[in-house]
Amino acid sequence: MYRARLTILGCGSAVPTITNNPSGQVLEMCNKQFLIDCGEGVQNTMRQMALRTARLYTIFISHLHGDHCFGLPGLISTWGMMNRTQDLHIFAHKDLETLMRPILDYHCAHLPFEVIFHHIDPRRKNIIFDDRTVQVSTIPLRHSVPTCGFLFEEKARNRHIIKAKIDELHIPYAAIPDIQQGADWTTEDGRLIPNAELTLPPKQPFRYAYCSDTGYKPAIVPQIQGVDVLFHESTYLEEQRDAADRYQHSTAKQAAKIAAKADVGQLIIGHFSARVLDQQRFLAEAKEVFPNVTLAEDRKVFDFE
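As the structure is a prediction and not an experimental result, all values here were calculated from the model. (Residues numbered from 1 in each chain as written. Predicted model: local features only at pLDDT ≥ 70, side-chain atom pairs only at ≥ 80, totals over all residues. Heavy atoms only, no water.)

## Comments concerning the packing of helix α2 (residues 72–81) against helix α3 (residues 95–107)
Two numbers describe how α2 lies on α3: the axes approach to 11 Å, and their chain directions differ by 45°. Between α2 and α3, the angle is such that the two are oblique. α3 is crossed by α2, and the crossing has right-handed handedness. Only L96, M100, I103 and L104 of α3 make contact with α2, whose side of the interface consists of L72, P73 and I76. A class-by-class count of the residues in the contact of α2 with α3 yields 7 nonpolar, no polar and no charged. (Axes fitted to C-alpha atoms, helices over the stretch in contact; angles between N-to-C directions. Helix = DSSP H or I, 4+ residues; strand = E, 2+ residues; numbered from the N terminus. Parallel < 35°, antiparallel > 145°, perpendicular 65-115°, else oblique. Left-handed = near helix turned anticlockwise from the far one by under 90°. Contact = heavy atoms within 4.5 Å. Nonpolar A, V, L, I, M, F, W, Y, C, P; charged D, E, K, R; others polar.)

## Details of the pairing of strand β2 (residues 24–29)
Of all 6 residues making up β2, 6 are buried, and the element is well covered by its neighbours. Here β2 shows two buried faces, one formed by G24, V26 and E28 and the other by Q25, L27 and M29. Summarising the sheet, strand β1 (residues 4–10) and β2 pair through 6 bridges and their orientation is antiparallel. Among the inter-strand pairings, T7 is bridged to a residue of β2, identified as V26. As paired elements, β2 and strand β3 (residues 32–38) share 6 bridges and run antiparallel to each other. Note that in β3 the partner of V26 across the bridge is L35. Following β2, the chain reverses through 2 residues before pairing antiparallel with β3; C30 in that reversal takes a positive phi of roughly 55°. (Buried < 20%, exposed > 50% of the residue type's maximum accessible area, 1.4 Å probe, protein only. Pairing = 2+ DSSP bridges.)

## So, the environment of K94
Inspection of the secondary structure puts K94 in the loop between β5 (88–93) and α3. For the pair K94 and V115, spaced 21 residues apart in the sequence, the C-alpha separation amounts to 14 Å.

## What about the pattern of salt bridges?
Where charged atoms of side chains with opposite charge meet at close range, the side chains can pair. According to the stated counting rule, one finds 17 salt bridges in the structure shown. Salt-bridge contacts for K163 lead to D167; the nearest nitrogen and oxygen are separated by 2.8 Å. On the criterion of helical spacing, the pair formed by K163 and D167 is a turn pair, its members being 4 residues apart in helix α4 (residues 163–168). Its relative accessible area of 42% is what places D167 among the partly exposed residues. Linking R191 and D189 is a salt bridge whose minimum nitrogen-to-oxygen distance equals 3.5 Å. A relative accessible area of 45% places R191 in the partly exposed class. (Salt bridge = Lys/Arg side-chain N within 4 Å of Asp/Glu carboxyl O.)

Distances and angles like these do not, on their own, reveal function.
Here you go:
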């Protein structure tokens, strides 16, 4: 059973190609689904993959370039025709609501669910989503329009009960929640049983960082330090460095440098320029700096244990 699953719906840049849609991916963790960016064609890929979205009620948009948000009106309209009733929460720059409301009012006037926009400031690091199991923070990036990535962090779980020890000491059920939180236990004859003898530590919380369109920005390293998985845009190769600097994107080597500096567990690169036909070149370039790197591919599914 996976702890988290990442489904790539699109890993290309602004111009769609035969193999790559624009940006979009679904992250599943803690029994929730999060749609991250929604470029044109995202809903088609969802349908082709028979991706069930019953637990998808939050969308995070990194910035307002069309290849990251043009898929929203169609997706929302389709969900309306499918009689979705779960409210939809969209986290994005405030201008997205300004742009989307007229479209929704005209084309989706009778949706059976509410579309709720949560305005975020991409230039600042903030917690924008926080519930019992998951916290999401913005990662300010460097691009030609206000842009941020997103850090998804599983909250610490309770310690694991050693059932045999609980049975041996006849510890009542009502005491279990406190013990899972780290409490010791005192027996009827006054013996103190340390929590370490009653429980096992939980797994380290899973952390996923999504860094969309951005120029090389080492300042993000402290925020993503040690994440289990980093997705970092790699629009260009080093031989196209001038274009990367001009349009504030990263090369594959620069993405790998960020991964190495942050000591991440795994790097996934994507947002590939349509000008580079052989995407294995991105992989080769990144591996010169950081060995544990994988190419994103449309319809590829990553399971993280």
